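# Reading the structure
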Amino acid sequence: MPTPTPFLNRLFRAISLGSAAAGLLAANIAHAELSVAEIFSSKMVLQRDKDVPVWGWADAGESVKVSFGGQTATAQANADGKWMAKLSPMDANAKGQTMTVETAGGEKTEFTDVLVGEVWLASGQSNMVAGGPDKPTGVYPHYQSPDTATAPMRFRTFGFGTNQEPVERFPAVYSQDEDREWKDLEFGDESAIPQFFARVVRDGINVPVGMIRVAFPGTNQTAWMSKETLEQFDGEGGNYYLDYKSKKDKDLAEKPKKTKDGTTISSYEEFTEYQKQWIDDPKGKGRYPGGGLREMDFVNWPTTLYNTRIHPLAPFAMRGVIWHQGEGGPRGGYDERLIAMFKQWRELFGQDFYVIWGTLSRDNRQSPPLDPVRSSFYRSWTNNELRDAINIADDKMEYVEFYDLGHWNTHWIQKAESGRRMGLAALDLAYNQSHIYTGPRMADIKADGGTVYVKFSHVGERLIYEPSINGVSGVILIDANKEPRWGNVEVINTDTIKVSHPDITDVAVIAYGEASNPLETLFNSAGLPASPFSKAFKDLGRFKESSDAPDIVKLMEKAKVNLGIGHVRRDGYSFDVTGKKTPDVQVQAYIPAEWTNVAVQTQGEPVPFETVDIEGQKFALFTVKTNGTPYAVTTKESAAKFAPIHRY
């Protein structure tokens with residue numbers, strides 16, 4: 001822990017949050033004792049191989065000296081009391097050292113057990129905060145660290161409050177929170193993506209890794225952008241920032257928030273004043289921001305989280321950013337805003353760091369299509385924009401496909417595999433290693449009459465095609481009459497497929513994976529499924545999204561449960577049912593005509609079922625528990641293969 005200083009305990013009681021000039025943390029300081037920016041603490045990790053800025057506040061004109069690792073850097077506080085010193089690039093060091101910060105006047109602060117290694121920022125919304133089990137899925141590699149990986153990993157949460165102006169410092173209540181310091185990374189029930197990302201990166205380079213998490217659940221992307229960047233985009237009123245802010249202001253004015261003490265909050269200015277009162281005297285007022293208000297209700301104005309999470313963190317030295325957000329939108333121009341946001345962050349930090357983002361999850365409550373139809377749901381549109389963002393990104397930016405990992409719940413389970421993929425992407429992108437971290441991605445596409453040639457990147461050793469249930473290809477071809485058909489797929493070399501259909505002489509549209517819960521038939525050599533893609537060679541307008549084909553699994557009674565269908569293959573499929581009020585339900589499961597022997601099981605144990613014939617198609621009827629236990633319907637020959645699968 002740093003040597004105690006009265007600065008944080010006294011000075012910030014005088015902070016005026018209502019000041020438009022300095023926002024959340026304005027203060028008129030007659031005498032400022034030495035302080036260091038809040039991101040610095042004992043047990044921190046400093047970025048290797050880069051200049052390391054260290055900054056804080058002291059009396060105007062005061063000389064400040066920073067000593068660490070055999071180096072000494074000096075700085076002088078400016079007229080506002082801010083000083084910044086820079087340590088020269090250092091090699092990685094897993095042995096804790098002490099950083100000393102002292103003024104010419106004799107004030108001194110020490111941080112102990114400081115490491116040098118790799119620092120990454122984890123940002124976004126709730127899936128960057130939520131947990132996930134460290135358990136095998138039966139589908140993806142169950143990543144475990146080798147015994148040879150011993151370098152420490154450290155973790156830090158960062159940021160406080162909300163504000164509509166950028167802040168530099170936080171009030172004393174922030175520093176009094178036990179979580180507001182660096183600590184050893186312990187694998188637990190939250191921040192699973194950053195945890196597993198850190199583990200994979202650490203294991204790959206065996207140097208200390210520090211993760212800084214600034215994510216916030218339920219937030220939209222504009223909250224993480226600077227005002228100046230948002231103003232570059234057009235809104236309905238001509239200025240995206242003003243347009244989006246006016247909508248949020250209008251919503252609050254029409255539906256004010258009321259505190260337990262009867263205070264009505266109908267504008268952000270009123271919230272700012274209430275927030276100031278809580279920070280001045282939080283005792284007895286409950287959890288921030290007090291009065292029964294939810295912080296989440298006030299963070300979704302544009303720029304608020306940039307102002308209080310990103311801006312005060314700069315220019316802390318780091319290697320890169322991992323990002324997951326999108327469920328909160330706003331969609332429409334998301335790809336351009338996202339890349340502009342990352343570039344502005346780089347400018348703020350003065351570092352050309354790496355950026356890796358992930359896509360959103362699917363909705364596996366929908367039955368995978370047995371007919372060649374396209375479908376979508378609310379996350380689909382943002383997902384398209386997340387993928388399109390790579391087209392305007394630079395070579396230090398990359399995305400990782402998560403669509404195959406998620407299920408109906410916004411907070412999908414497989415965070416371990418998500419973090420593994422992001423970690424492998426970092427090793428590939430930033431550390432000159434070669435890894436397969438995402439599925440095949442459409443790189444080039446050409447139509448020649450009734451034939452389409454699709455070339456993929458990220459195939460590893462080769463592209464693999466495996467027809468799915470009923471032998472369907474999963475690739476839709478649509479002609480000029482809007483007639484869709486499953487295309488015939490042929491892999492013609494390591495990275496290219498040829499798709500055609502005898503009844504189509506002129507392809508208007510090709511689509512793969514464009515469904516709420518798509519079939520998976522294209523894979524790379526690591527077994528990761530291809531990202532969805534489509535290409536319209538002719539503009540045919542909207543398409544029918546309905547199908548007359550039966551659902552693969554159907555509930556036979558009304559119940560407040562969620563049915564999730566996953567891992568559909570030619571020789572079997574799995575599903576689960578979750579609910580709290582109904583202990584079990586009866587289901588109807590599709591049996592393809594090509595299956596001669598059928599098995600139903602749950603975790604390797606056989607499940608009794610009845611076979612019925614409905615309009616010439618066969619189904620299995622049986623009862624399942626609603627506790628999320630996976631069930632599998634397969635050919636008897638493939639039963640053992642499906643037994644360990646618990647994909648979601």
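Note that the coordinates shown come from a computational prediction; the quantities given were computed from them, not determined experimentally.

## Notes on the overall build of the protein chain
Tallying secondary structure elements over the protein chain gives 11 helices and 35 strands in all. For the protein chain, whose C-alpha radius of gyration is 27 Å, the value lies close to the compact-globule estimate of 26 Å for 648 residues. Taking the principal axes of its C-alpha atoms as reference, the protein chain extends roughly 90 × 55 × 50 Å. By residue count, 57% of the 648 residues in the protein chain fall in the buried class. As displayed, the protein chain has an accessible area near 26400 Å², and 45% of this comes from carbon and sulfur atoms.

## Overview of the pairing of strand S17 (residues 441-448)
Bridge count between S17 and strand S18 (residues 451-457): 7 bridges; the pairing is antiparallel. Bridge pairing in S18 places Ala447 opposite Val452.

## Concerning the pattern of salt bridges
Oppositely charged side chains can pair when the atoms bearing their charge come close. For the structure shown, the criterion picks out 42 salt bridges. Among the salt bridges present, the one from Glu190 reaches Arg213, with a minimum N-O distance of 3.4 Å. Here the residue Glu190 occupies a position in the loop between strand S10 (183-184) and helix H3 (192-205), and Arg213 occupies one in strand S11 (residues 209-213), the gap between them amounting to 23 residues. For Glu190, a relative accessible area of 42% puts it in the partly exposed group. On the basis of relative accessible area, Arg213 is assigned to the buried category, the value being 12%. Note that Glu520 is salt-bridged to Arg362, the shortest N-O span being 2.8 Å.

## Focus on the confidence of the model for the protein chain
On average, residues of the protein chain carry a pLDDT of 92, and 95% of them reach 70 or more. In the model, residues 1-30 has pLDDT below 50 throughout and makes 76 contacts with residues more than four positions away in sequence or in other chains.

## Comments concerning the sheet that holds strand S26 (residues 533-536)
Spatially, S21-S20-S24-S26 is the arrangement adopted by the 4 strands of the open sheet, whose pairing is antiparallel. Looking at the sheet topology across the chains shown, the edges are occupied by strand S21 (484-486) and S26. Adjacent strand axes in the sheet meet at a mean angle of 20 degrees when their direction is disregarded. In this sheet, S21 lies alongside strand S20 (residues 475-478) in antiparallel orientation, the contact comprising 3 bridges. Following the sheet pairing, Leu477 is matched in S21 by Arg485.

## Looking at helix H5 (residues 240-254)
Note: α-helices contain 3.6 residues per turn, so residues at a spacing of three or four share the same orientation. Between its first and last C-alpha, H5 extends 21 Å over 15 residues, near the 21 Å set by a 1.5 Å rise per residue. Tyr240, Tyr241, Asp243, Tyr244, Lys245 and Leu252 are the residues of H5 that are buried. For H5, the elements touching its buried residues are helix H4 (227-230), strand S12 (257-258), strand S13 (264-265), helix H6 (268-280) and helix H8 (334-349). Sitting at the head of H5, Asn239 places a side-chain oxygen 3.0 Å from the backbone nitrogen of Tyr241.

## Remarks on the environment of Ser376
Looking at the element boundaries, Ser376 is found in the loop between strand S15 (354-358) and helix H9 (378-388). Using a relative accessible area of 27% as the deciding quantity, one classes Ser376 as partly exposed.

## A few points about the sheet that holds strand S22 (residues 488-493)
Across the sheet, which stays open at both edges, the 4 strands sit in the order S17-S18-S23-S22 with antiparallel pairing between neighbours. The sheet is open, and its two edges are formed by S17 and S22, each paired on a single side. The average undirected angle you get between the axes of adjacent strands in this sheet is 25 degrees.

## What about the nonpolar core?
Counting 87 residues, the largest nonpolar core has Trp83, Trp345 and Trp357 as its most contacted members. The element contributing the most residues to this core is H8, with 8 residues. Within the second largest apolar cluster, 37 residues are counted, among which are Trp486, Ala508, Leu519 and Val585.

## Focus on the pairing of strand S35 (residues 631-635)
Among the 5 residues in S35, 5 count as buried, and that is most of the element. Here 4 bridges tie strand S29 (residues 572-578) to S35, and the two strands are oriented antiparallel to one another. Of the residues in S35, the one forming a bridge with Phe575 is Tyr631. Across 4 bridges, strand S31 (residues 598-602) lies against S35 in antiparallel orientation. For Ala599, the partnering residue across the bridge sits in S35 and is Thr634.

## Some details on the packing of aromatic side chains
Taken as a whole, this structure holds 33 aromatic pairs when the rule is applied. Taking 6.3 Å as the distance between ring centres and 10 degrees as the angle between the ring planes, the aromatic pair formed by Phe298 and Trp301 counts as stacked. For Phe298, a relative accessible area of 0% puts it in the buried group. Residue classification places Trp301 among the buried positions, given a relative accessible area of 2%. Plain terms: the ring middles of Phe575 and Phe622 are 6.1 Å apart, the flat faces sit at 45 degrees to each other, and that makes the pair tilted. In this pair, Phe575 is assigned in strand S29 and Phe622 in strand S34 (residues 617-625), connecting sequence segments 47 residues apart. Phe575 gets classed as buried once you look at its relative accessible area, which sits at 2%. Taking the relative accessible area as the measure of exposure, Phe622 reaches 2% and is therefore buried.

What counts, and where the lines are drawn
Residues numbered from 1 in each chain as written. Predicted model: local features only at pLDDT ≥ 70, side-chain atom pairs only at ≥ 80, totals over all residues. Heavy atoms only, no water. Helix = DSSP H or I, 4+ residues; strand = E, 2+ residues; numbered from the N terminus. Rg over C-alpha atoms; globule rule 2.2 N^0.38 Å. Buried < 20%, exposed > 50% of the residue type's maximum accessible area, 1.4 Å probe, protein only. Areas by Shrake-Rupley, 256 points an atom, 1.4 Å probe, with all protein chains shown as cover. Pairing = 2+ DSSP bridges. Salt bridge = Lys/Arg side-chain N within 4 Å of Asp/Glu carboxyl O. pLDDT = per-residue confidence, 0-100. Contact = heavy atoms within 4.5 Å. Axes fitted to C-alpha atoms, helices over the stretch in contact; angles between N-to-C directions. Expected span 1.5 Å × (residues − 1). Polar contact = N/O pair within 3.5 Å; in protein donor to acceptor, adjacent residues only side chain to side chain. Core = buried A, V, L, I, M, F, W, Y, C linked by side-chain atoms within 4.5 Å. Phe/Tyr/Trp six-rings, centres within 6.5 Å; stacked < 30°, edge-to-face > 60°.

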